[in-house]
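Next come the chains, spelled out residue by residue.
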Amino acid sequence: MATEGGPNIHPMEQFVVKPLFGGHELNWYTPTNVTLWMGIAVLVAVTLLIIGTRRRAIVPTRSQLLAEGLYGFVYKMIEDINGKAGLKYFPYIFTLFTFILISNTLGLVPYSFTTTSQAAVTVVLALAVFLTVTIIGLVKNGVGFLKVFWISSAPLALRPILAIIEIISYFVRPVSHSIRLMGNMMAGHAVIKVFAGFAGVLGLFSFFPIIAIMAVLGLELIVVFIQAYVFTILTVIYMNDALHPGGH
Amino acid sequence: MASGIRLAALTSLLAFGGTAALAAAEEGEKAGMPQLDFGTYPNQIFWLVVTLLVLYFLLSRIALPRIASILSERQGAIARDLEQAEELRRKAVAAEEAYKQALADARAEANQIIAEAKAEIQKEIDAANAKAEAEIAARTAESEKRIAEIRSGMMQAVEDVARDTAVEIIDAILPGIADPKLVADTVAAKVKE
């Protein structure tokens, strides 16, 4: 993959984790480009959601409108799927959504580092959701949580088979949940980098790859939002198992 | 809630090893994929957990309550404005009612005044008519009286002339036998016929 477009192109180089202040030693606490871009994501979130709403205007300003839109979007999603009981976990899900959306979008900035294209990041996010759902489900429902695997609307003979399938699918969830996000983010950015490499090589004809980059960038703008949305709505749907285990 | 998240995050840290292997199996052994450089994982996970905790703290303590209060405030303001509008509308309706009532009253009063004026005028007209009729009757009676007088005077004159003429004629034909009294009675009788 790295040799595809000639010697100048390293589409995967953008995903390398590097210490921020030089050196080669990478301890668990070393500030890296991951630290930098996660910090920027927090700053963007603060700018948008806290500084943008500081005037508490009845007639909202642009940034306040955006903040309110995000709030209403996630709030309505949880209310529609989980009902009132799910709103208790609104801050948690909103944090996930905000982090993923902002990180995805920041990844489109040239020379940036896309934290959500890292397996380490998405797997931790997905596992956190998986464990949260499992723990909440067990704490709230006790053994009744196992009803998630016992589909009462199916014919009795089929239920054991379905239960096995359900259990497998339940434990595969964090894998698909995390790989989906990471794969989408990585693929789009790698493609842009490949085209950018072409642009560097082709000289006068470089406007072809530049147009292609613009097109892919437009597509990626949609993808970053959709992937944040998909991750969040899947979290909310998984959460529904914990809140209403019998309700298939 | 916050402790639940922290617990979940910590547990996921511990449980990470197994899933990382799973992820590696899923991706296959692609050479040159920096995402699979497990040496960077503790670092990334550490900073991710820090970031998420900071973000969660900032959002759940500051941003979300503020946005919620803005939204409910706006809801309240809208409800208040609607209520006020309803109030004003009711006032407008009441004012219209009062206006209509006043208009109706004024119209009724006007009608009454017109009726009164008409009645008064009618009375005056009636009185004038009666007076005029009485005068006309009096004049008519006087005229009739005078006509009767003239007529009776005329009849007397006719009788006188007829009597005188009859006496003269009798004197001319048979002088000396004329009895003025008899002639007078006869003529009077004839004239009356």
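Residues numbered from 1 in each chain as written. Chains lettered and ligands numbered in written order. Predicted model: local features only at pLDDT ≥ 70, side-chain atom pairs only at ≥ 80, totals over all residues. Heavy atoms only, no water.

As a further point, take the packing of helix α4 (residues 119-141) of chain A against helix α6 (residues 207-243) of chain A. When two helices pack together, their arrangement is given by the angle between the helix axes and the distance between those axes. All names here are of chain A. Where α4 contacts α6, the two axes come as close as 8 Å, and the packing angle between them is 20 degrees. By the criterion of interaxial angle, the relationship of α4 to α6 is roughly parallel. Judged by the sense of rotation from one axis to the other, the crossing of α4 with α6 is right-handed. Where α4 approaches α6, its residues Leu125, Ala126, Val129, Thr132, Val133, Ile136, Gly137, Lys140 and Asn141 are matched on the opposing element by Phe231, Thr235, Tyr238, Met239, Ala242 and Leu243. (Axes fitted to C-alpha atoms, helices over the stretch in contact; angles between N-to-C directions. Helix = DSSP H or I, 4+ residues; strand = E, 2+ residues; numbered from the N terminus. Parallel < 35°, antiparallel > 145°, perpendicular 65-115°, else oblique. Left-handed = near helix turned anticlockwise from the far one by under 90°. Contact = heavy atoms within 4.5 Å.)

Note on placement: Thr132 of chain A falls in helix α4. A polar contact is formed between the side chain of Thr132 of chain A and the backbone oxygen of Ala128 of chain A, at a distance of 2.3 Å. (Polar contact = N/O pair within 3.5 Å; in protein donor to acceptor, adjacent residues only side chain to side chain.)

With 96% of its residues at a pLDDT of at least 70, chain A reaches an overall mean of 88. Per-element mean pLDDT across chain A ranges from 89 in helix α5 (residues 159-202) of chain A up to 95 in helix α3 (residues 90-106) of chain A. (pLDDT = per-residue confidence, 0-100.)

Okay, the interface of chain B and chain A next. In this complex, chain B contributes 46 residues to the contact, which on the side of chain A involves 54 residues. Of the roughly 4,600 Å² buried between chain B and chain A on both sides combined, carbon and sulfur atoms contribute 78%. Where chain B packs against chain A, one counts one salt bridge. One salt bridge in this structure joins Glu68 of chain A and Arg74 of chain B, with 2.8 Å as the shortest N-O distance. On inspection of chain B and its partner chain A, the count reaches 13 residue pairs in polar contact (both at pLDDT 80 or more). Residue assignment for the side of chain B that touches chain A shows that the elements contributing at least two residues are α1 (2-14), α2 (16-27) and α3 (41-173) of chain B. The leading source of residues in the side of chain B that touches chain A is α3 of chain B, at 28 residues. Split into classes, the residues belonging to the side of chain B that touches chain A amount to 29 nonpolar, twelve polar and five charged. (Buried area = accessible area lost by both parts, 1.4 Å probe. Salt bridge = Lys/Arg side-chain N within 4 Å of Asp/Glu carboxyl O. Nonpolar A, V, L, I, M, F, W, Y, C, P; charged D, E, K, R; others polar.)

All names here are of chain A. Judged by side-chain polarity, Phe198, Leu202, Leu204, Phe205, Phe207, Phe208 and Ile211 come together as a nonpolar surface patch covering roughly 770 Å² of accessible area. Mapped onto the nonpolar patch, the elements with two or more residues apiece are α5 and α6. With three residues, α6 is the largest single contributor of residues to the nonpolar patch. You can see Phe198 is positioned in helix α5. (Patch = residues over 30% accessible without salt bridge, like charges linked within 9 Å, V, L, I, M, F, W, Y side chains within 5 Å. Areas by Shrake-Rupley, 256 points an atom, 1.4 Å probe, with all protein chains shown as cover.)

Turning our eyes to something else, we now look at the confidence of the model for chain B. Residue and element names in this part refer to chain B. Averaged over chain B, the pLDDT score is 83; the fraction of residues at 70 or greater is 84%. When mean pLDDT is compared element by element in chain B, α3 scores highest at 93, while α2 scores lowest at 41. Ignoring residues within four places in sequence, the model shows residues 1-31, a span with pLDDT below 50, making 41 contacts including any to other chains.

Across soluble globular proteins, nonpolar side chains show a tendency to be buried alongside one another. Of all hydrophobic cores here, the largest spans 80 residues; its most connected members are Phe99 and Leu125 of chain A. When residues of this core are traced back to their parent elements, those giving at least two are α1 (33-51), α2 (62-82), α3, α4, α5 and α6 of chain A together with α3 of chain B. At 13 residues, α3 of chain B tops the list of elements feeding residues into this core. For Leu125 of chain A, the contacting residues outside a window of four places in its chain are Leu96, Phe99, Ile100 and Phe231 of chain A together with Leu48 and Leu52 of chain B. (Core = buried A, V, L, I, M, F, W, Y, C linked by side-chain atoms within 4.5 Å. Buried < 20%, exposed > 50% of the residue type's maximum accessible area, 1.4 Å probe, protein only.)

Right, let's talk about the packing of aromatic side chains for a bit. Residues and elements named next belong to chain A. Here the structure, examined in full by the defined rule, presents 20 aromatic pairs over all chains. Ring geometry for Tyr71 versus Phe94: centroids 6.4 Å apart, planes at 55 degrees, classification tilted. With Tyr71 in helix α2 and Phe94 in helix α3, the pair connects residues that are 23 residues apart, well separated along the chain. Under the relative-accessibility criterion, Tyr71 is labelled buried at 8%. Take Phe94: its relative accessible area is 0%, and that puts it in the buried class. (Phe/Tyr/Trp six-rings, centres within 6.5 Å; stacked < 30°, edge-to-face > 60°.)

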